[in-house]
Every structure is written in C-alpha cells, then in structure tokens.
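Listed below are the residues making up each chain.
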Amino acid sequence: MIFSFDLLVNAIVSGILIGGFYAAVTCGVSLSFGILDIVNIAQPAFIILGSYIAYTLNASFGLDPILISIIVLPAFYLLGAVIYQIYYLAFERRGQESLRGLAFFFGLLFITEVTLVLYFGVDYRYVQAAYIGPTWHFGWVDVPLRILVPCLVSLLLIAVLQLVLTRSFIGRAIMAVAQDQLALRLMAVNPVRIKRIAFGISIATASLAGAFLIVIQPVEPSVGREYIGRVFAICVLGGMGSLPGTVIAAMLIGIVESLTATFYGPSWAPAVSFGILLLTLAVRPAGLLGRR
Amino acid sequence: MSVRSIPFLLVTLAIGAAVFAGAMLLGNDYYFFAGYVVAQYIVLSSAWNILGGYCGYVNFGTAGFFGLGAYSTVAVYQLVEGNEFPHVVPIPLLILLGGLISGVVGFGMGYLTLRLRGAFFAIATLALAVVLETLVVNWDFVGGSRGAYIVRPETIGPIGSYVRYLFLLMLVLAVAALNVARLIERSRLGYGFATIRDDELAAEAAGVPTLRLKLVATTISGALMGMAGAPFPYYIGYLQPSSTFGFDYAVNAIAMSLIGGTSSWVGPLIGTLLLGSLQQLITVTISSAVNLLLVGALLVVFVIVAPNGILGLVHKYLQRKPDEFVGRRRIDLDAAAAAAATAATAAPPAAKPGSAPGSPPP
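One numbering rule holds for all chains: residues counted from 1, following each sequence as written. Both sets of labels track the order of writing: A upward for chains, 1 upward for ligands. The predicted nature of this model means local features are confined to residues of pLDDT at least 70 and side-chain atom pairs, given and counted, to a pLDDT of 80 or more, with totals for whole chains, interfaces and linings taken over all residues. Heavy atoms throughout the structure, all of them, feed into the side-chain values; hydrogens and water do not.

A.B. asks: What exactly am I supposed to notice about the overall build of chain A here?
C.D. replies: Helix and strand counts for chain A stand at 12 helices and 2 strands. Put simply, DSSP marks the helices as runs of H or I at least four residues long and the strands as runs of E at least two long, and each gets a number from the N terminus on. Element order for chain A, N to C, with α for helix and β for strand: α-α-α-α-α-β-β-α-α-α-α-α-α-α. Against the compact-globule benchmark of 19 Å for 292 residues, chain A has a radius of gyration of 19 Å, which places it among compact chains. Structurally, chain A occupies a C-alpha span of about 65 × 45 × 35 Å along its principal axes. For the exposure calls, accessible area comes from a 1.4 Å probe over protein chains only, and a residue counts as buried if that area is under 20% of its type's maximum, exposed if over 50%, partly exposed in between. Burial statistics for chain A: of 292 residues in total, 58% are counted as buried. The atom set for the radius of gyration is the C-alpha atoms, and the globule formula is 2.2 Å times the number of residues raised to the power 0.38.

A.B. asks: Sorry if this is basic, but what is going on with the packing of helix α12 (residues 247–260) of chain B against helix α13 (residues 266–285) of chain B here?
C.D. replies: Working note: a packed helix pair is described by the angle between its axes plus the distance between those axes. All names here are of chain B. A fitted line through C-alpha atoms serves as each axis, taken over the contacting stretch for helices, and the angle formed by two N-to-C directions is quoted from 0 to 180°. Interhelical geometry of α12 versus α13 gives an angle of 120° and a closest axis separation of 7 Å. Relative to α13, α12 is oriented oblique. Two packed elements cross with a definite hand, and for α12 against α13 that hand is right-handed. Two secondary-structure elements touch here, α12 through N252, A255, M256, S257, I259 and G260 and α13 through G267, P268, G271, T272, L275, G276 and Q279. Under the grouping applied here, Gly and all other residues not named as nonpolar or charged are polar, the nonpolar ones being Ala, Val, Leu, Ile, Met, Phe, Trp, Tyr, Cys and Pro and the charged ones Asp, Glu, Lys and Arg. Looking at the contact of α12 with α13 residue by residue, the class counts come to 5 nonpolar, 8 polar and no charged. Throughout, the term roughly parallel applies to angles under 35 degrees, roughly antiparallel to angles over 145, roughly perpendicular to angles from 65 to 115, and oblique to all others. In this scheme, a crossing is called left-handed if the near helix is turned counterclockwise away from the far one by less than a right angle; it is called right-handed if the turn is clockwise. Should any heavy atoms of two residues lie within 4.5 Å, those residues are considered in contact.

A.B. asks: Honestly, the pairing of strand β2 (residues 141–144) of chain A in this entry has me stumped. Any pointers?
C.D. replies: Regular strands show a simple pattern: their side chains alternate between the two faces of the sheet. All names here are of chain A. The alternating pattern of β2 places V141 and V143 on a buried face and D142 and P144 on a face that is not buried. A pair of strands counts as paired when DSSP detects no fewer than two bridges linking them. The sheet contact formed by strand β1 (residues 135–138) and β2 spans 4 bridges and is antiparallel. The residue bridging T135 from the neighbouring strand is P144, located in β2. Between the end of β1 and the start of β2, which pair antiparallel, lie 2 residues, with G139 showing a positive phi angle near 60°.

A.B. asks: What exactly am I supposed to notice about the interface of chain A and chain B here?
C.D. replies: By a frequent convention, interface size equals the accessible area lost on bringing the separate parts together. With 46 residues of chain A in contact, the opposing surface of chain B contributes 45 residues. In short, buried area is how much 1.4 Å probe accessible area vanishes from two parts on joining, totalled over both. When the two sides are added together, the surface that chain A and chain B hide from each other amounts to roughly 4,000 Å², 79% of it contributed by carbon and sulfur. Considering only the surface of chain A that becomes buried against chain B, A:L99, A:F106 and A:F110 emerge as the three largest contributors, covering 16% of it. Each salt bridge in this description consists of a side-chain nitrogen of Lys or Arg and a carboxyl oxygen of Asp or Glu lying within 4 Å of one another. Where chain A meets chain B, there are 0 salt bridges. Under the rule applied, a polar contact is a pair of N or O atoms within 3.5 Å (in protein, one hydrogen donor and one hydrogen acceptor; residues adjacent in sequence only if both atoms are side-chain atoms). Put simply, chain A and chain B have 2 residue pairs in polar contact (both at pLDDT 80 or more) between them. Among the elements that make up the side of chain A that touches chain B, the one with the highest residue count is helix α5 (residues 97–120) of chain A (16 residues). For the side of chain A that touches chain B, a count of residues per class yields 31 nonpolar, 7 polar and 8 charged.

That's the geometry; what it means functionally is another story.
See the structure below:
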C-alpha cells in the first residue's frame, strides 16, 4: 500500500494557506464576539457583501480586488459604526441584547443574503487578477498564488490589528472596555464610543475578507452560511478575543479541513468545523489561548 | 394539569375541526396546500417559543430539527419502498419517529452547549443545520445531493385527496403544539423557564435546576420541530437538502414568534397567522424571494421598534402591568412575582458578571 506522502504534505500546506485566509474571516468576529461581547452572526453576510463589491468594481473598472477592498474600508467602517449605534440604542442600552440582539443580527444576515440574491441572482461570480491562475511549485508541493496572496495579506492585516490593539491608546481602550467599563469611564473615556470604533473596525475587516474570498473561490450569496460555523469554531477554539489564538486555530481548522477533503472527499469538509466547535465547547470552552 | 386545560383542549380541537370543515366546504385543494404551510409554521413557531420565548435561549437550528424529521421519513420510505406494499408505515407513526429523533438531537445539543453562556447554544444551533445538510448530502440512501422523490398516494379513504389528509394531520399537530405550549406556560415548568429567562444566575442560586429545565425545553422544542418536518416529504413530493436545511424555516419561526410576542403561547399563533397568510399572498402575487426579504425586514423592524411584539403593543395600548406577564391570569402573576422575589433575595446583585457598568472590579 502506498500512503501518498506528497498528497499529505500538499494537504497540510494548502490547509495552512487556507487557514491564513480563515484568520482574516474570523478576526472581525474575534473583535466583536470575543472582546465586545456582541454576537454578530451577520459577519459572514458582510463578507459576502464585500465579495460582491469587489466583483462589481473589478468587472466594471478592472481594479485589483484586494485594492478595491482597501479603498472601501472606510465605507464598511461607517456601516459598522451605524449598526453598532442602532444596536446600542435598541438593545444594549435596554439590556435586551441576548435574545433580541441575536434576532436583529440574524435578520441582518438574512436581509443581506436575500437582497444579494434579488440583485445578482444565484450565479457564481468571480474576479480577474494577475495572481489568479499561476501556481508556484516547490518540489512536489504546489502553492497556488490565488491562495498565497490572500493568506499573506491576511496575516499582515492581523499583525496590524494586533499592534493597534496592544500599542495604541484606542486599542488599549478597546481591550479595556471588555474588562471594565466603569474604570474606562473614570479615565474620561466614553465606552460607547470605543465600542463603536471597535465594531466599525470589526465590520471593516469583512471588506478585506470578502475580497480574499472571491479571489480564492467563485462566490454566490449563500456561500456565507458555510462560514458561520467555521468562523465561530475558530473564534472559540482560538480563545475568545485573542488574535494570535485566532491565527493558530484558523490554521488548525484549515489543516483538518484540507486533510478531510483530501482523504474523505470535499463534501465532508463543512462538518469538520462544527465537530471541532462542539468538542471545544464540551472540553475546553476557554479555547487554546483563552483568558477566561 | 390544571383544570382549565381540558376546556382549552376541547375549544382548540373544535376550532381545528371547524377550520378543516370550512376548507372541505370550499373544496379547492389550494386552500389545503396553503393551510398546511400555515399550520406547519404554527407548530414550528410554538416549538421555537418554548425555548426562545420562555427560556430566552435562541435556537437558529429550526431547519436542522425540521429537516431531521423530514429525512427520517425519507429513510423509512426508502426502507419500505422495495416491498410489495408501499406506504405500509402510517404517517402518524412517522411523525412520532421524527419527533423522537429530533428530540434526542435537541437533548444532545443542549447537553453539550447549555452549560455555557446562551450565545454558544445559538451559534451551535446555527451550525447544526449546515452539518446535518452535509450528512444528508453524503448519505446516498436518502438521495444525497440529488434529492429524494416521495410518491404519495392520490387519495385516501373518505377524506378525498391526500393533501387533505396531510392538512388534517398538521392541524392536529398544531392544536397539540398550542396545548403543550400553553400547558408548559402555566405549570411549574413554565415558571422555572421564566426564572431562567429573567436571571439565570439568580435562579440557580435560588435552587432552580436550570440545566435540567433547559434540557427539557430543548428536547420538547426539538421534538415538536421534528414532528412538523416528518410529513413534509409527502407534502412536497421531492425533498432536496439545500432547501430543506435552508434559513427560511429558522427566520420564519423566529420572526413569527417575535412579531407576535414571545411571552405567551398566543404570540406565535398571532404572528404565524398574520405573517403566514401574508407570505402565502405575496408568494402567489409577487415572488417568494420578496416574501423572504419582507420577513427579514419585518423581523428587524419589530425587534427594534416593538421588542415585545404585537402582544406588547396591545398590552401597552391597554396600559396594564409590564409586558412579561400578558395573557396570564392574576394568580400566575403572583406566583411569578414570588419566584422572582425569592430569586432576588437569594442572589447578591454583585454576583452577576454581565452587569459590567455597575459592578466593581474584582
């Protein structure tokens, strides 16, 4: 029996690359769910929205999809700030965030998806860019550029986020708002403003993640659903609100999914993240690098 | 079982019988097709509300439990199809089977996630539908991704066409779901659920067995959803994983409960009758995608503007006690107030970690 070693290595390499992309998809939820305690289950829908914006501008102006996503970052930030303001006024201030806040985000998820279906239809859309297509070969390891580029940009994004969170005043305030709002108030900082900024950043990451997604694979409106389980599995496994933990967990899940897809068939891959999520919740709810 | 449950059961049965008789008089099969969907959503939203409204735990996996019931029917159908006498398994039996399987899955999900914060349960249920879809797609016996065909008999006994029989069954199920919901609401179980919703930590401190109660709720709720799904393959004729496990069921069940009002069994009923009929109308006149958009938009608008749904609005209009106890009798109010009082005295306010603004640093 020949256990194909090169197949195994290839699966692990592509798992790590995909994991880098998953980290970008998850970091927004790590911020909102992990740090701010806002269960934003609509994040995958915003990611798909990002994909479609990248698709539209790419198709009409031929711009690079990742460049487009950087250009529209402020718009996504504003969208996030507006959503947080509504969320704060309607739910958080009234202390109703658990049940109705969840329903609110679920409604947003649904509206975004159905609107995209009504406007673009359910056909798969894809983008054009120089790095989509070529593959680098290292011995018998294949590295497709369409996955390598998003992975590298995504790791850069997370490094920047981590620097902002740990070094800048705003970042430290964001970390503080999760722990003690009263202390923050005593420092003359408005916790609602800090949370609005943090939530804006978390939605802004969806713009980048959306561009990565449509570079890696063709996108249709309901693709986002697969990412709900994955995103929260990574977030919980990594330890709520820890960005380094998110990267490690994303790569772990990427590798396990890639191995499953290689040796059992790609149709089983969506079940992997859910299994890991349940296992984590049952065995170690604090996650790998969790603080709680 | 309180004394007033029997009259309520009789009244709901009578209304159900009247609805069925009315539809028979109209004679058009379309009414049975449309009525089946509305009755199905009465079951789904009532089931959702047992966990979501009474306990305050959000279940996004309605489609998962519903699909589980539907696919258990398909599995049985595939088992007996090769026999000489197809359809040897009567549908009421299939309904029980679907309820059993979904109830077990609901219990398992609850056991794994309910010891943590509520959000984890919601997320796990959200992923449940995706995973069940993956399982079904990979299970060729029930049709895999190609879907499964169910050939239903043209007619049955004295009722006439088969869809009338299915409507009758779903109507019975809807009556049963409403009775179960009302019974729970007015029993010790319901008060226990209410303490979990209002302040779980305080309830725990007061000696309420919260985990056990939550498990009871997930099991009952999941079982009812599975029961609603079991006759579905016979209704639709062709079952396909991606539509069976789609978001539509989840968003509809949640929207109907929240728009009607979650505090009482009346809420989901009102919400379903309003939204369900509206949907049938829009699906026929405009399109089903617009109908889904409308449901999503209504859900968002209602949770922002009228957080307690139509019941809350009616209540505000009548200007009575706080919305939580609308539709209950005075005696229930007293009992709930007493429970809340015990809970409040038993737990020191500082023990609630969620109340960040007021709590001192540890």
